[in-house]
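Overview (structure and organization)
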Amino acid sequence: QATATAGESLKSPDTMKNAVNILKTNTRVALALGHAFLAQLGRIYLDMLNVYKAYSQMITQMVATQGPLMIKSSQVRSMRAVKKETLRLIETFIERSEDVQSVLQNFLPPLLDPVLGDYTRALPDSRDPEVLSLFAMIVNKLQRAMVAEIPKILDAVFECTLTMITKNFEDYPEHRLAFFNLLRAINTHCFTAFFLIPAPQFKLIIDSIVWAFKHTERNIADTGLNILLQLLKNVQGSDVANLFYQTYFIALMQDVFFVLTDTFHMPGFKLQATILMHMFNLVETGQIAAPLWDPAQVASPTMTNQLYLREYVCTLLANAFPNLTPVQISGYVRGLFDLCKDVPANFKAHLRDFLVQLKEFSGKDSSDLFDEEKQAQLDAARQEEQRRAMSVPGLVGPYNPLRQDDMADS
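Let us look at the structure shown here. Please read all numbers here as calculations on a predicted model, not as lab measurements.

**Considering the overall build of the protein**
- Helix and strand content of the protein: 16 helices and zero strands.
- A burial count over the protein gives 47% of its 410 residues as buried.
- For the protein, long-range pairs separated by at least 24 residues make up 70% of all intrachain contacts whose partners lie at least 6 apart in sequence.
- Within the structure as shown, the protein displays about 20,500 Å² of accessible surface, and the carbon and sulfur contribution to it stands at 54%.

Written as structure tokens, this is what we have:
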């Protein structure tokens, strides 16, 4: 019918309302049936994507002829509702599918142009964050099978989304979170795909990670720190390790020190400390073979990565905190190298002791620096309470979860 009327029937409010209801019904069925929904989705999949593409073209045409304010019109909102429900249905099915190859071969190829192409071409305000969420889920589901597709995905969504979210810390919050979840999924499951993209694009990825962990919103900052930690672990021992370390190691360490010593980012202390311990350990144990310094600027024949990093961190902290004496800074940096091979708790305690000495932290609530210890105390107290309850006959019933856990352990 839509073809016969040149798509006019799709513009009907009743048509759009019915389409949303039909898609929601199918989503609920897919949620219940899981992989068995394959037969139904196979019958409607291409038609669904054609309708998605048609609405995308209509929105683009309406905005081009009538101006950007059309994005907020009821008609465009209804069209976008159909598109969003389409994405939710696809995500629901793929997430519950048991046949990775079928998804990769039959469902992914037709999806790329209508969805990714539309996302790239659309105005920022009409880009749906569900697109980013869908592809994050697909990468998490298909994992390494998605490596070859990652460059296409990044070409379509990376730079245009980054431009949207980095103008300030407030606009497009849903896009921001979905974007970094997608980047985290790619980094976790398809790290080798980073070798397939141009160097300038990879630098943008590094810049976006740094921007994320400097963000004022805690969940974004924590996501950025987690991505960086996983990235450093992925790079370790890889074929690109030396080139990566020479290009990014020092700059990344400086950025992590920036958030570590910023009182606004105290809630991220645990992850910040874990990243720094990993980085200092790489240098102290000689796992970085390439020089971290520029030979054109450092001509000393006896220079090593360990010596260079000590000098660099001492200079960095001296410039940032002129109230500290050289002896204080030297002792602190020496402790970072000595404790990076120790248990994490000792390294974190050393970092924390240094931070509480800074005048920037004086008078501030530094309780966030002790979150890990407080949680450990709560867990210990809860376990002790459970132990006491289990020791009293009849206090805990046979079907109580505590009793079941105790039976499983025995």
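There's more to say after this.
**Re the nonpolar core**
- Formed by 132 residues in total, the largest nonpolar core has its most connected members in F135, F249, F257 and F280.
- Ranked by residues supplied to this core, first place goes to helix α10 (residues 241-260) with 12 residues.

**Quick notes on the layout of surface pockets**
- If you add up the space inside the second largest pocket, you get close to 270 Å³.
- Looking at the lining of the second largest pocket, the elements that each hand over two or more residues are α8 (199-213) and α10.
- Within the lining of the second largest pocket, the residues separate by chemical class into 12 nonpolar, one polar and no charged.

**Topic: the environment of Y172**
- As for its placement among the helices and strands, Y172 is situated in the loop between α6 (150-165) and α7 (173-189).
- Judged by its relative accessible area of 22%, Y172 is partly exposed.
- Once the C-alpha coordinates of Y172 and P129 are considered, the two residues, 43 residues apart in sequence, prove to be 8.8 Å apart.
- If sequence neighbours within four positions are ignored, Y172 has contacts with P124, D125, M164 and I165.
- Reaching out from Y172, the side chain makes a polar contact with the side chain of D125 at a distance of 2.6 Å.

**Thoughts on the side chain of R80**
- Position of R80 among the secondary structure elements: in helix α3 (residues 74-96).
- Excluding its chain neighbours within four sequence positions, the residues that come into contact with R80 are I59, I71, D125, S126, R127 and D128.

**Focus on the packing of aromatic side chains**
- Counted by the stated rule, this structure contains 22 aromatic pairs.
- Judged by centre distance (3.7 Å) and plane angle (10°), the ring pair of Y332 and F354 falls under stacked. On the criterion of sequence distance, the pair formed by Y332 in helix α13 (residues 326-339) and F354 in helix α14 (residues 344-357) is long-range, its members being 22 residues apart.
- According to the relative accessible area criterion, Y332 is buried, its value standing at 4%.
- Classification of F354 as buried rests on a relative accessible area of 6%.
- An aromatic cluster is defined as three or more aromatic residues linked by ring pairs; in this entry it consists of F191, F194, F195, F202, F244, Y245, Y248 and F249.

**Regarding the pattern of salt bridges**
- A complete count under the given rule lists 15 salt bridges for this structure.
- Where K203 meets D207, a salt bridge forms, and the shortest distance between an N and an O atom there is 3.0 Å. A residue pair is termed a helical-turn pair when its members lie 3 or 4 positions apart in one helix, as K203 and D207 do in helix α8 at four residues.

**Topic: the packing of α7 against α8**
- Where α7 contacts α8, the axes come no closer than 12 Å and their chain directions differ by 125°. For the element pair α7 / α8, the angle class is oblique. Between α7 and α8 lies a crossing of left-handed hand. Note on element contacts: α8 touches α7 through I205, S208, I209, W211 and A212, opposite R176, F179, F180 and L183.
- The residue inventory of the contact of α7 with α8, partitioned by class, reads seven nonpolar, one polar and one charged.

**Thoughts on the packing of α6 against α7**
- Two numbers describe how α6 lies on α7: the axes approach to 11 Å, and their chain directions differ by 145°. Considering the relative orientation of α6 and α7, their crossing is left-handed. Here I150, I153, L154, V157, F158, T161, L162, M164 and I165 of α6 lie close against α7, whose contacting residues are H175, R176, F179, F180, L182, L183 and I186.
- Residue composition of the contact of α6 with α7, by class: 13 nonpolar, two polar and one charged.

The rules we used
Counting of residues starts from 1 at the beginning of each chain's written sequence and follows it residue by residue. Residue-level local features of this predicted model are given only where pLDDT is at least 70; pairs of side-chain atoms are given and counted only at 80 or more, and the full residue set underlies all totals for whole chains, interfaces and linings. Only hydrogens and water are removed before side-chain values are computed, so all heavy atoms of the structure are retained for them. Here a helix means four or more residues in a row that DSSP labels H or I, a strand means two or more in a row labelled E, and each is numbered from the N terminus. Accessible area is worked out with a 1.4 Å probe on protein chains only. A residue is then buried under 20% of its type maximum, exposed over 50%, and partly exposed in between. The criterion used for residue contact is that any of the two residues' heavy atoms lie within 4.5 Å. Computed by Shrake-Rupley with a 1.4 Å probe, the accessible areas treat only the displayed protein chains as cover when residues are assessed. Throughout this description, the term nonpolar core refers to a set of buried Ala, Val, Leu, Ile, Met, Phe, Trp, Tyr and Cys residues connected via side-chain atoms within 4.5 Å. Buriedness for pockets is judged along seven lines, at least five of which must meet protein on both sides within 12 Å for an open set on the 1 Å grid over protein atoms alone, while cavities are sets there where a 1.4 Å probe fits but cannot get out, and lining residues have an atom within 4 Å of a point. Grid points are joined across faces, edges and corners, and a volume is the space filled by probe spheres set on the points. Under the grouping applied here, Gly and all other residues not named as nonpolar or charged are polar, the nonpolar ones being Ala, Val, Leu, Ile, Met, Phe, Trp, Tyr, Cys and Pro and the charged ones Asp, Glu, Lys and Arg. We call two N or O atoms a polar contact when they sit within 3.5 Å, provided that within protein one can donate a hydrogen and the other can accept it, with sequence-adjacent residues counted only if both atoms are side-chain atoms. Within 6.5 Å between ring centres, the rings of Phe, Tyr and Trp (the latter by its six-membered ring) count as paired, and their orientation is classed by plane angle as stacked under 30 degrees, edge-to-face over 60, tilted in between. Throughout this description, the term salt bridge denotes a Lys or Arg side-chain nitrogen within 4 Å of a carboxyl oxygen of Asp or Glu. Angles here are taken between N-to-C directions and fall from 0 to 180 degrees, while the axes themselves are lines fitted to C-alpha atoms, restricted in helices to the stretch in contact. Oblique is the label for any angle not under 35 degrees, not over 145, and not in the 65 to 115 range, which are roughly parallel, roughly antiparallel and roughly perpendicular in turn. Crossing handedness follows the turn of the near helix against the far one: under a right angle anticlockwise gives a left-handed crossing, and clockwise gives a right-handed one.

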